[in-house]
Amino acid sequence: MLRARVLEERLITMYKQGDGFFWIGGPGEEAFSVPLGLLVDKGQGVDHDYMHLHYRSSGTLLALGADPVDSLRQMKNTATDPYSRGRNFAGHFSVRKWNVVPVTSPIEVQFSVAIGTARAQRKATGAKGITIVQGGDAGTAEGDFATALVWSSRKGSELPMLMIVTNNRWGISTSYEGQHGYTQIAERGKAFGMPTRVIDGNDPEVTHQALKEAIEYVRTERKPYLLEAMVSRLRGHSSASGANVVKEEPDCVDLFEQKLEARGLLSRKQIDEKRAEYTAELSAAAKRVREEPMPSPGSIHDYTFADVNHVGGES
Amino acid sequence: MATMIQAIRLALHVGEKRHGVTDIFGQDVGPPLGGVFTGTQGLETAWNTPLDERGIVGTAIGLALAGQRPVGEIQFCDYAFNTIDLLKLAGNTYWASGGDWNVPLVLMTPVGAGIRGAPYHSHSFDATATRIPGWKIVMPSNPLDAYGLMLSAIRDPNPVFFLMPKALLRMKARPGEQLPGEPDEKTLNQMIDAPLGDRSAWKPRWPELEDLFTPIGKARVAREGDRVTVITYGRNVAMSLAAADELAADEGFQTEVIDLRSLHPYDWEAIVASVRKTTRVVCVNEDTEITNFGEHLIRRIVDELFYELHAPPKLIAGAHIPLIGLADNLEMASVPQKGGIKAAILDLARHEA
């Protein structure tokens, strides 16, 4: 969690120093995103879990084992950025070897796409892989969210799909009350006969347990589940709103540090040392990334069409 | 002789049996109906979806990413417009992920006018499709090409639009254009067409057909000529051929008709060869005329072949109006007809260089 936070802070610093054009990310979601990454069945193909994440999922990627320097590369839009080769904004991950489907800027389309990977997993006999799809609260107003509820819950054709809403109560500048008439988004799942739950997404012990139960349910029952986690948005929507610190919302990293201190599991000194170590590591990495090659103008045509079917196992 | 819709159904069957097709789906695509145009009757992997085009396109993308071979259908292209951002996503995922995830899917949808389909069963989609990079786009004009292009689309590792000219779906193949291994017409109908009424106990008997892969990106010279070139596709191919035949009989000159078959990638070499020969060219298609695909072809022809032209290129396209009206007169006046094509060819032929 701390490393994910330090990574986001470094990305914001890079943005402010001119080493990137735009920042968007997940400070305030680490208590949810990190446990998610720790709990998924990581791998390639229908036997493992597919992840349709959003642009606040850096904690999940780090927990999966991603190199944080790769996020710096995407921020700096270098040719070495393994997620998009300098083509996309920060936080737009893509890792086929771990079933991390490309993160998109259009909000909520991942809820329509997730139906397809879940259907492939439903058909695979004996497979235990599930599809995990995540978006924010504002995005649930899009039709794709309703699409996922309808398609995943059809009687006799239920899909092994964990739908996650991380609710930070904002859609850029629009408040939760400004767009939702219902109290909780998870309520909507009840009409479709699926288990639902609302949890405190700022407490990693709560999220770990709840995610474990939800994943287990979907994995064994092969049916959908809707989980809503209340989280914070600690740096605003993106760099477009300044990416400045928001003091009014709970900070899950602070809260967890306090808890660990109170329980005598870590001292303040140890925590500070860890933070200093991660900060130094990423500060040095950011300097190195600055020297890495930028994509060439001629590369704009690369990867328009595939010659072989990579997703079909050809190489 | 198989009709175009039978040829498509046969290609989908061959796709299921031999080329890894895992899912054929859309509204009313599965049993009992098997498609509003019968295109998916009796297919093993056909299934019905909710009435939700966004779900259909999203599912196709997801299945493709999971290593499946999906063929999705939008019942009429008129209803594909609410899926545009998902169509963009299918077309840009390979690029945006820097070559990480390709998206092998086929999306088929009936397009165009000709059946008195009124405002919302008459739209064209070719101009819109060509505005979505990352897709290959094919549009057959006869059953044989429908069969061969569908099999190529199924095997392609990229998203492919398979645009079905709905006015031609019941059109039979011409002599000499039967599908490889196709039985006689009566036998074929008995084998693969579902009976009317209760068909719960019906099962198709599939003929043994051979593979045919009509290359995507390769045009067909549908008629050779030396005086004027018509570049067209889909429904307007037969119309252009008839216009050319009549002009040959009445005026004594020969018109070349290029059936593009693929809109992207398109066969520029075939266009260049024909335009060099005739020096006069008209593009014909049904989509609305402003920002029409034919306009692109004309722009490129003017850019690259200007000094070889002996007449200003022409575009015969749909009127730039909001919709196509139902009444005979309205539909006929809204999209190209044989008379208009003929007049344009004649005008080009008579133009003094």
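Residues numbered from 1 in each chain as written. Chains lettered and ligands numbered in written order. Predicted model: local features only at pLDDT ≥ 70, side-chain atom pairs only at ≥ 80, totals over all residues.

Here we look at unusual backbone geometry
Reasoning step 1: A cis geometry characterises the amide bond from Pro31 of chain B onward to Pro32 of chain B, with omega recorded as 10°.
Reasoning step 2: Within the secondary structure, Pro32 of chain B is located in the loop between β1 (23–26) and β2 (46–48).
Reasoning step 3: The residue after His264 of chain B, namely Pro265 of chain B, is reached through a cis peptide bond having omega -10°.
Reasoning step 4: Unlike most non-glycine residues, Glu108 of chain A shows phi in positive territory, near 80°.
Reasoning step 5: Looking at the element boundaries, Glu108 of chain A is found in the loop between α4 (68–75) and α5 (109–123).
Reasoning step 6: We classify Glu108 of chain A as buried; it has 23 C-beta atoms within 10 Å.
Reasoning step 7: With a phi close to 65°, Arg169 of chain A is a non-glycine residue in the positive phi region.
Reasoning step 8: Owing to 18 C-beta atoms within 10 Å, Arg169 of chain A belongs among the partly exposed residues under this scheme. (Helix = DSSP H or I, 4+ residues; strand = E, 2+ residues; numbered from the N terminus. Buried ≥ 20, exposed ≤ 12 C-beta atoms within 10 Å, placed from the backbone.)

Some points on the interface of chain A and chain B
Reasoning step 1: Facing the 37 residues of chain A at the interface are 33 residues of chain B.
Reasoning step 2: Looking at the side of chain A that touches chain B, the elements that each hand over two or more residues are α5 and α6 (143–152) of chain A.
Reasoning step 3: If one sorts the elements of the side of chain A that touches chain B by residue count, α5 of chain A sits on top with nine residues.
Reasoning step 4: Residue composition of the side of chain A that touches chain B, by class: 17 nonpolar, 15 polar and five charged. (Contact = placed C-beta atoms within 7 Å. Nonpolar A, V, L, I, M, F, W, Y, C, P; charged D, E, K, R; others polar.)

Some words on the nonpolar core
Reasoning step 1: Membership of the largest hydrophobic core comes to 189 residues, with the highest contact counts inside it found for Leu162 of chain A together with Ile61, Met150 and Phe162 of chain B.
Reasoning step 2: Contacts of Phe162 of chain B, omitting those with residues within four sequence positions, involve Val106, Leu107, Met108, Val138, Leu149, Met150 and Ala153 of chain B. (Core = buried A, V, L, I, M, F, W, Y, C linked by C-beta atoms within 7 Å.)

Here we look at the sheet that holds strand β3 (residues 161–167) of chain A
All names here are of chain A.
Reasoning step 1: Across the sheet, which stays open at both edges, the five strands sit in the order β1-β2-β3-β7-β6 with parallel pairing between neighbours. At either end of the open sheet lies a strand with only one pairing partner, and these are β1 (50–52) and β6 (196–200). Taking the axes of each pair of neighbouring strands and ignoring which way they run, one obtains an average angle of 20° across the sheet.
Reasoning step 2: Summarising the sheet, β1 and strand β2 (residues 131–136) pair through three bridges and their orientation is parallel. Bridge pairing in β2 links Met51 to Ile132.
Reasoning step 3: On the sheet, α5 packs against β1, β2 and β3 and is oriented at approximately 170° with respect to β2. (Pairing = 2+ DSSP bridges. Axes fitted to C-alpha atoms, helices over the stretch in contact; angles between N-to-C directions.)

As for the environment of Pro336 of chain B
Residue and element names in this part refer to chain B.
Reasoning step 1: Assignment of secondary structure puts Pro336 in the loop between α10 (328–334) and α11 (338–350).
Reasoning step 2: Separated by 82 residues in the primary sequence, Pro336 and Gln254 place their C-alpha atoms 21 Å from one another.
Reasoning step 3: In this view, Pro336 contacts Asn236, Met239, Val284, Glu286, Ile316, Ala317 and Ile341; residues no more than four positions away in its chain are not counted.

Points about the packing of α4 of chain A against helix α10 (residues 268–290) of chain A
Residues and elements named next belong to chain A.
Reasoning step 1: Between α4 and α10, the least distance of the axes is 10 Å, while the angle of their chain directions is 45°. Our classification of the angle between α4 and α10 gives oblique. Two packed elements cross with a definite hand, and for α4 against α10 that hand is right-handed. Counted together, Pro68, Val69, Leu72 and Arg73 of α4 and Leu282, Ala285, Ala286 and Val289 of α10 form the full contact between these two elements.
Reasoning step 2: In the contact of α4 with α10, the residues fall into seven nonpolar, no polar and one charged. (Parallel < 35°, antiparallel > 145°, perpendicular 65-115°, else oblique. Left-handed = near helix turned anticlockwise from the far one by under 90°.)

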